[in-house]
There are 2 protein chains.
Amino acid sequence: MKVIVIGAVAAGSKAAAKLKRLQPNWDVIIYTSDYNVSYSECGLPYYIAGAFKDAQKLIIRTPQDFEKQGVKVHIRHLVSEIHPDKKELLIKNLETDILFTETYDKLIIATGASPFIPNIQGINLQNVFTLRTIEDGISIKNAVLQNKHAVILGCGYIGIELLEAFVKQGISVNVIQSSDVIMSVFDRDLANIIQKYVIQKNLEQVRIINNDTISHIEGKEKVEKIITENDKEIKTDMVVLSAGIKPNIQIAQNAGIEIGKTGAIKVNSKMETNIKDIYACGDCVEKYHIVAEQPCWIPLGSTANKEGRCCAINVSGGHDEFEGVLGSAVTKYFDFTMSMTGLTEKQAIKYGFQPVSVIVRKNDKAGYMPDVESITIKLTADKNTRKILGAQGLGQGDADKRINVLTSALLSKMTIQEFFGNDITYSPPFSTSIDPMLTAAQNLMNKFN
Amino acid sequence: MKVIVIGAVAAGSKAAAKLKRLQPNWDVIIYTSDYNVSYSECGLPYYIAGAFKDAQKLIIRTPQDFEKQGVKVHIRHLVSEIHPDKKELLIKNLETDILFTETYDKLIIATGASPFIPNIQGINLQNVFTLRTIEDGISIKNAVLQNKHAVILGCGYIGIELLEAFVKQGISVNVIQSSDVIMSVFDRDLANIIQKYVIQKNLEQVRIINNDTISHIEGKEKVEKIITENDKEIKTDMVVLSAGIKPNIQIAQNAGIEIGKTGAIKVNSKMETNIKDIYACGDCVEKYHIVAEQPCWIPLGSTANKEGRCCAINVSGGHDEFEGVLGSAVTKYFDFTMSMTGLTEKQAIKYGFQPVSVIVRKNDKAGYMPDVESITIKLTADKNTRKILGAQGLGQGDADKRINVLTSALLSKMTIQEFFGNDITYSPPFSTSIDPMLTAAQNLMNKFN
């Protein structure tokens, strides 16, 4: 049995490694257009920030590691066509430009996602970057170390992590983005708190321009300035595009594989596509949102890892199901944590719920402890069922701990009353005697009475 | 309507304040033998350690705060008898030694717990302490600042917190205890890890003597030395007894109030005792263990707070139920966190389960992050039902966060397979891409297959 895996960052590398362990006698072959396999994309901003020196630390397993295990790895090979009828792939060696075909018995598509690149003048100038691969990370870090000013387009998770990295490396940054507040994945009230913190933290070095975008980029060989749609002219040495990513579905779509309404590859809970013997996993596939009970596309490394594992078990002939995601996510900007799980209020409305929310601001530990910090929690439940829909947690204190308390509650579809019965660990260095999340739950219950 | 509350640290003060808010026209009267009401007992070790200077910071509400709200507070008044037939109390003013009676319409018993004091020679010498009240804390801190050596009897939660405090204040400490490992509330394998850490952390200053206890204490007016049962003679300036606490049930028991099999006052989920119009809450009452589905006595400030609230609602004529506890707890020794929720393996056996456990040791964040630390998690499930029974988490890394992820899962009685579907927040500064608790769940599932 011969299994081809296309792409091998998180999902693909996990699937290949797991499958080879389950079926040591099968041929498992990876093709990737990348220079590397099995690495932590999520760690790239911290490499750029200087948290560690060697980008190779981000690599979990090298092609040589895979070869030792018996998995063949072909880096710098682009799979450009899938022919399900013949169970055949058209592949291009990116180093030699030679095209060749390869057959498979079973296929795993783990093509990931790519940064959204606007079709504007000057986009191909030197020092215009996107961040996805290790090479991207190294290029951006080199540019940061050699320059004084950067423009970041888009300020979601990756944008804000890059902002921290750039500030830490001592360059000044203009953040430009189309929404009217940064981190707009959070509800407006919480995003406002984030934006206020970011502005206050590095007043001199950081400038945030909302409700705008890059119209075009000017320069001879390298970027020299950008012009915004609102006719702002900003001199800069480099531009990073972090205004969203999109799933890499083209070869799947061309092969007749069904694409879900979110625009990513549709799979069932066994990671099977609509075509027999073709599986898909990772950032290129649509996910099922457990709270919304509807499809979603939330591409994350942790999810990709689990999907890769599930995919391998099913490909191997076993049985496993990936139930879906809760939308849990976390990042930080210096000491300020931003985290969420489940649905935000605005997502809840979009999905047809009638959300009721509370916001509490509370100490993260006993008020008399010297390192006490405050956190803000927004907790949301459905008006009709009183089931918890989600929570968002922010602050210099330990916010993500509280958000994670809620994940199992969302998984088991608890009402706010049921959750209030929770027994969360308490001791003065760790919490208030009534945990902030339970205070939020109590306040929310009061809204229902 | 006149409601008397006996005792007012966590549960009693919460009950009184909440009841007065619910029924502003009722007479709500607190009697306590203590000098203070409404304070954080759990914060005392941190006061002794010097985390903050003023012990008054531990006070949440003063008697004056209560008086402003309309709650009468009588400090230094000991309620010595309850006469349910006459709805009358016998009370002694501890300042004047005058005895008097007082009637009630409804009574709330929140008498708390007291340290276990062994009946040994020398126990009444100066510088022999227990830690429960703010005055205890001030006395111990003064003694620590004036002396060079202490003996701590018993090394559970309070013992280890005092050990940290004493070490921080620069005195040397002998810890003596009857079990063969410190922190024996944890399973043996994890307690061994804790003990190893404590010994390595302050090799010179800390000596741990297991399998022994104090036989008697010698000295003229003040402690000069202790003699252990194994005939060790240890010179010391002070002794702190932290070898357990027991619920204060005497006046309740004398009044015919039912005592549960754990030795604490038996209440139903509405905090009612077996006698009409007499309620009880806090450390003096037995709790229901949600995982074990049996009574337990786990006295904690966070639980006391919730019970006080529930009690007030029911006393006021409303309806509320306190469902029980999970046994969640946390403490730390310097940067080493110790936490648990649900049942340990040995508790699980005691309660009649057939526990299956795994232990995983894993990074608490991405391995390339500069502040990565390791944590050890022991996860336990029942062999027959595969339901999760509990977890223990240790280490210099972020262990309690993982333990708290499990609390909602225990509350909803998830199987290990159901829990494995969880979606925990991930980002390199916060976690590994597969969270340590999910790795533990995966390893445990493999044990069942």
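All figures in this text were calculated on a predicted structure; none of them were measured in a lab.

### Quick notes on the overall build of chain A
Then, number 1: When helices and strands are tallied, chain A shows 12 helices and 25 strands.
Then, number 2: Against the 2.2 N^0.38 benchmark of 22 Å for 449 residues, chain A shows a C-alpha radius of gyration of 23 Å, consistent with a compact globule.
Then, number 3: Taken along the three principal axes of its C-alpha coordinates, chain A extends 65 × 55 × 40 Å.
Then, number 4: Out of the 449 residues in chain A, the part that is buried amounts to 61%.
Then, number 5: Long-range pairs, those at least 24 residues apart, make up 63% of the contacts in chain A between residues at least 6 apart in sequence.
Then, number 6: Total accessible area on chain A stands at roughly 17,200 Å², and carbon and sulfur atoms take up 47% of it.
Then, number 7: Mean positive and mean negative side-chain charge positions of chain A (50 and 50 charges, respectively) differ by 3 Å.

### A closer look at the sheet that holds strand 7 (residues 106-109) of chain B
Residues and elements named next belong to chain B.
Then, number 1: Spatially, the five strands line up as an open sheet ordered 3-2-1-7-18, and their pairing is parallel. Edge strands, defined here as strands with exactly one partner in the open sheet, are strand 3 (72-74) and strand 18 (278-280). Averaged over all pairs of adjacent strands, the angle between their axes in this sheet comes to 20°, without regard to strand direction.
Then, number 2: Alignment of strand 1 (residues 2-6) against strand 7, held across four bridges, turns out to be parallel. If you follow V5 over to strand 7, its bridge partner there is I108.
Then, number 3: Across the sheet, helix 1 (residues 11-22) touches strand 1, strand 2 (27-31) and strand 7, and the angle it forms with strand 2 is around 165°.

### Re the pairing of strand 16 (residues 238-241) of chain A
Residue and element names in this part refer to chain A.
Then, number 1: Every second residue of strand 16 is oriented toward a common face, with M238 and V240 on one face and V239 and L241 on the other, all of them buried.
Then, number 2: Relative to strand 16, strand 9 (residues 128-129) is paired through two bridges, and the arrangement is parallel. Each bridged residue has a counterpart across the sheet, and for F129 the counterpart in strand 16 is V240.
Then, number 3: Where strand 10 (residues 149-153) meets strand 16, four bridges bridge the pair, whose relative direction is parallel. Bridge assignment links A150 to a residue of strand 16, and that residue is M238.

### Considerations on the domain arrangement of chain A
All names here are of chain A.
Then, number 1: Domain boundaries assigned for chain A yield domain 1 (2-38 + 59-113 + 246-315), domain 2 (117-243) and domain 3 (339-448).
Then, number 2: Interface area for domain 2 against domain 3, summed over the two sides, is near 960 Å², with a carbon-plus-sulfur share of 60%.
Then, number 3: Looking only at domain 2, the three residues that lose the most surface to domain 3 are F186, D187 and L190, adding up to 55% of its buried area.
Then, number 4: Across the contact surface, domain 2 and domain 3 share two salt bridges.
Then, number 5: Residue K378 is joined to D189 by a salt bridge in which the shortest nitrogen-to-oxygen separation is 3.0 Å.
Then, number 6: Inspection of the domain 2/domain 3 interface yields seven residue pairs in polar contact (both at pLDDT 80 or more).
Then, number 7: Here the side of domain 2 that touches domain 3 is built from residues that sort into seven nonpolar, one polar and two charged.

### Things to note about the interface of chain A and chain B
Then, number 1: Taken together, the 56 residues of chain A in the interface contact 56 residues of chain B.
Then, number 2: In this assembly, chain A packs against chain B so that about 4,900 Å² is buried in total across both faces, 59% of it on carbon and sulfur atoms.
Then, number 3: For chain A, the biggest contributors to the area lost against chain B are Y368, D423 and T425 of chain A; these three give 15% of the whole.
Then, number 4: Taken together, the connections running from chain A to chain B amount to two salt bridges.
Then, number 5: With its nearest N and O atoms 2.6 Å apart, the salt bridge here joins D400 of chain A to K401 of chain B.
Then, number 6: Elements supplying a minimum of two residues to the side of chain A that touches chain B: helix 8 (301-315), strand 21 (329-333), strand 22 (336-342), helix 10 (399-411), helix 11 (416-420) and helix 12 (436-448) of chain A.
Then, number 7: Of the residues forming the side of chain A that touches chain B, the biggest block, nine residues, is contributed by helix 10 of chain A.
Then, number 8: Of the residues in the side of chain A that touches chain B, the class split is 28 nonpolar, 19 polar and nine charged.

### Description of the relation of the copies chain A and chain B
Then, number 1: Overlaying chain A with chain B gives an RMSD of 0.0 Å, the required rotation being 180° about an axis along which the chain moves by 0.0 Å. Those values place the two copies in the arrangement expected of a two-fold rotation axis.
Then, number 2: An overlap of 100% is found between the interface residues of chain A and their copies at the interface of chain B, pointing to a shared contact surface.

### Overview of the sheet that holds strand 25 (residues 388-395) of chain A
Residues and elements named next belong to chain A.
Then, number 1: Taken together, the five strands give an open sheet; going across it, the order is 21-22-25-24-23, and neighbouring strands pair in antiparallel fashion. One side of each edge strand has no neighbouring strand; the edge strands of this open sheet are strand 21 and strand 23 (355-363). Between one strand axis and the next, the sheet turns through 10° on average, direction left out of account.
Then, number 2: Of the strand pairs in this sheet, strand 21 and strand 22 are connected by five bridges, and their pairing is antiparallel. Along strand 22, the bridge assignment pairs V330 with S339.
Then, number 3: Helix-sheet contacts for helix 10 involve strand 21, strand 22, strand 24 (374-382) and strand 25, and the interaxial angle to strand 25 is about 170°.
Then, number 4: Helix-sheet contacts for helix 12 involve strand 23, strand 24 and strand 25, and the interaxial angle to strand 23 is about 140°.

### As for the nonpolar core
In summary, soluble globular proteins display a tendency toward joint burial of nonpolar side chains.
Then, number 1: Residues I109 and L379 of chain A together with I109 and L379 of chain B are the most contacted members of the largest nonpolar core, which totals 176 residues.
Then, number 2: Excluding residues within four positions of it along the chain, I109 of chain B makes contact with I6, I82, A252, I257, I265, I278, Y279, A280, C281 and C284 of chain B.

### Some remarks on helix 6 (residues 188-201) of chain A
Residues and elements named next belong to chain A.
Then, number 1: In this model helix 6 runs 20 Å from its N-terminal to its C-terminal C-alpha over 14 residues, within 8% of the 20 Å that 1.5 Å per residue would give.
Then, number 2: Listed in full, the buried residues belonging to helix 6 are L190, A191, I194, Q195, Y197 and V198. For helix 6, the buried positions fall inside an angular range of 160° around the axis, keeping them on one side. Among the exposed residues of helix 6, those oriented more than 90 degrees off its buried face are K196 and Q200.

### Regarding helix 1 of chain B
Residues and elements named next belong to chain B.
Then, number 1: Compared with an ideal rise of 1.5 Å per residue, which puts 12 residues at 16 Å, helix 1 spans 16 Å between its outermost C-alpha atoms and is within 8% of the ideal.
Then, number 2: By the criterion of burial, helix 1 is predominantly enclosed, with nine of the 12 residues buried.
Then, number 3: If you check which residues of helix 1 are buried, you get A11, G12, S13, A15, A16, A17, K18, L19 and K20.
Then, number 4: Those residues of helix 1 that are buried lie in contact with strand 1, strand 2, helix 3 (63-69), strand 7 and helix 8 (301-315).

### Re the packing of helix 10 of chain A against helix 10 (residues 399-411) of chain B
Then, number 1: Following both chains from N to C, one finds helix 10 of chain A and helix 10 of chain B inclined at 30°, their axes separated by 6 Å at the closest point. With respect to their mutual orientation, helix 10 of chain A and helix 10 of chain B come out roughly parallel. Crossing hand, helix 10 of chain A versus helix 10 of chain B: right-handed. On helix 10 of chain B, the residues that touch D400, K401, N404, V405, T407, S408 and A409 of chain A of helix 10 of chain A are D400, K401, N404, V405, T407, S408 and A409 of chain B.
Then, number 2: Partitioned by chemical class, the residues of the contact of helix 10 of chain A with helix 10 of chain B number four nonpolar, six polar and four charged.

### Description of the environment of H319 of chain B
Residue and element names in this part refer to chain B.
Then, number 1: Within the secondary structure layout, H319 lies in the loop between helix 8 and strand 21 (329-333).
Then, number 2: Judged by its relative accessible area of 53%, H319 falls in the exposed class.
Then, number 3: Residues H319 and T111, spaced 208 residues apart in sequence, show a C-alpha to C-alpha distance of 23 Å.
Then, number 4: When sequence neighbours within four positions are dropped, the list of residues in contact with H319 reads K270, I313 and N314.

### Remarks on the side chain of T341 of chain B
Then, number 1: When you line up the elements, T341 of chain B lands in strand 22 (residues 336-342).
Then, number 2: For T341 of chain B, the residues in contact, after removing those within four places along its chain, are L326, G327, S328, G390, A391, I403, L406, T407 and L410 of chain B.

### Comments concerning the side chain of R132 of chain B
Residues and elements named next belong to chain B.
Then, number 1: Here R132 is to be found in the loop between strand 9 (128-129) and helix 4 (134-146).
Then, number 2: Polar contacts involving the side chain of R132 include one to the main-chain carbonyl oxygen of A113, which spans 3.0 Å.
Then, number 3: With near-sequence residues (within four places) excluded, R132 lies in contact with Y39, E41, L44, A113, P115, I245 and D283.

Rules used in this analysis
- Residues numbered from 1 in each chain as written.
- Chains lettered and ligands numbered in written order.
- Predicted model: local features only at pLDDT ≥ 70, side-chain atom pairs only at ≥ 80, totals over all residues.
- Heavy atoms only, no water.
- Helix = DSSP H or I, 4+ residues; strand = E, 2+ residues; numbered from the N terminus.
- Rg over C-alpha atoms; globule rule 2.2 N^0.38 Å.
- Buried < 20%, exposed > 50% of the residue type's maximum accessible area, 1.4 Å probe, protein only.
- Contact = heavy atoms within 4.5 Å.
- Areas by Shrake-Rupley, 256 points an atom, 1.4 Å probe, with all protein chains shown as cover.
- Lys, Arg positive; Asp, Glu negative; His and termini not counted.
- Charge placed at Lys NZ, Arg CZ, Asp CG, Glu CD.
- Pairing = 2+ DSSP bridges.
- Axes fitted to C-alpha atoms, helices over the stretch in contact; angles between N-to-C directions.
- Domains from an automatic or database assignment.
- Buried area = accessible area lost by both parts, 1.4 Å probe.
- Salt bridge = Lys/Arg side-chain N within 4 Å of Asp/Glu carboxyl O.
- Polar contact = N/O pair within 3.5 Å; in protein donor to acceptor, adjacent residues only side chain to side chain.
- Nonpolar A, V, L, I, M, F, W, Y, C, P; charged D, E, K, R; others polar.
- Least-squares fit on C-alpha atoms with pLDDT ≥ 70 in both.
- Core = buried A, V, L, I, M, F, W, Y, C linked by side-chain atoms within 4.5 Å.
- Expected span 1.5 Å × (residues − 1).
- Arc of directions from axis to C-beta.
- Parallel < 35°, antiparallel > 145°, perpendicular 65-115°, else oblique.
- Left-handed = near helix turned anticlockwise from the far one by under 90°.

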